[in-house]
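# Geometric and topological summary
Here's the letter readout for the chains.
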Amino acid sequence: MSGEKKSSQQLDEWDSYLDKSDEKVGLTGAPNSVLRYFELTETQLRSFSAEECGEAAALLDCFAFKIQKYRNRLASQIFWCDQKLKRELAPIMARVTAYSYDERRGIALMQS
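Further remarks concern the overall build of the protein chain. Helix and strand content of the protein chain: five helices and zero strands. Taken from the N to the C terminus, the helices and strands of the protein chain come in the order α-α-α-α-α. A total of 112 residues make up the protein chain; the buried ones form 16% of that total. Long-range contacts, defined here as pairs at least 24 residues apart, represent 56% of the contacts in the protein chain between residues at least 6 apart. For the protein chain, the exposed surface amounts to about 8,700 Å²; the carbon and sulfur share of it is 57%.

Okay, structure coming up:
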């Protein structure tokens, strides 16, 4: 394993790649003006004009997109880690006899 990068280094590289893709799309930072819409009462929202509602909807939609992007990023990291574990544990799991995949994986983790 001397020639291989450590998992933490590989995950940092993956994070850096995702950061660069976020910057390309323009998804860095979160709008502070969104927070005011979460604090409004129903009465205040009803007083908005059609144009104000449209602006608020567009702003909230952008915020929702950023949240989804962040969620996708975390899911990508989890997937990457899971695949890395599978590759590392495959030789050990081949020797383990257990009923389920989760049991074999747990035993392989304890043996590694």
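Right, let's get into the environment of D15. Structurally, the position occupied by D15 is in helix α1 (residues 7–25). When the C-alpha atoms of D15 and L74 are compared, they prove to be 9.8 Å apart, with 59 residues separating the residues in sequence. Each residue touching D15, except ones within four places of it in the same chain, is listed here: R73 and Q77.

Moving on, we come to helix α4 (residues 50–95). With 46 residues, α4 should reach 68 Å at 1.5 Å per residue; the first-to-last C-alpha distance of 66 Å fits that figure. The largest bend along α4 reaches roughly 55° and is located at L89, with the proline P91 sitting one to four residues downstream. Those residues of α4 not exposed but buried are A56, F63, R73, Q77, W80, K84, L89, I92 and M93.

Turning our attention to the nonpolar core. The biggest cluster of nonpolar side chains holds five residues, and these are L89, I92, M93, V96 and A108. With three residues, α4 is the largest single contributor of residues to this core.

What follows is about the side chain of Q77. Counting through the fold element by element, Q77 comes out in helix α4. Aside from chain neighbours lying at most four places away, what touches Q77 is L11, W14 and D15.

It should be kept in mind that the predicted coordinates are not to be read in detail where pLDDT is low. The predicted model of the protein chain has a mean per-residue pLDDT of 81, with 87% of residues at 70 or higher. The element-level mean pLDDT for the protein chain is lowest in α1, coming to 77, with helix α3 (residues 42–46) highest at 92.

Here we come to the pattern of salt bridges. Overall, the coordinates contain five salt bridges when judged by the stated rule. Note that R105 and D82 form a salt bridge whose closest N and O atoms lie 2.8 Å from each other. With R105 in helix α5 (residues 101–111) and D82 in helix α4, this pair connects stretches of sequence that are 23 residues apart. For R105, a relative accessible area of 17% puts it in the buried group. For the salt bridge of E88 with K84, the shortest nitrogen-to-oxygen distance reads 3.6 Å. Here the residue E88 and the residue K84 both occupy positions in helix α4, the gap between them amounting to four residues, near one helical turn. Take K84: its relative accessible area is 10%, and that puts it in the buried class. Within this structure, D82, K86 and R105 form a network of salt bridges that share partners.

Scoring rules and cut-offs
Residues numbered from 1 in each chain as written. Predicted model: local features only at pLDDT ≥ 70, side-chain atom pairs only at ≥ 80, totals over all residues. Heavy atoms only, no water. Helix = DSSP H or I, 4+ residues; strand = E, 2+ residues; numbered from the N terminus. Buried < 20%, exposed > 50% of the residue type's maximum accessible area, 1.4 Å probe, protein only. Contact = heavy atoms within 4.5 Å. Areas by Shrake-Rupley, 256 points an atom, 1.4 Å probe, with all protein chains shown as cover. Expected span 1.5 Å × (residues − 1). Bend = angle between axes of the 7 residues up to and from the residue. Core = buried A, V, L, I, M, F, W, Y, C linked by side-chain atoms within 4.5 Å. pLDDT = per-residue confidence, 0-100. Salt bridge = Lys/Arg side-chain N within 4 Å of Asp/Glu carboxyl O.

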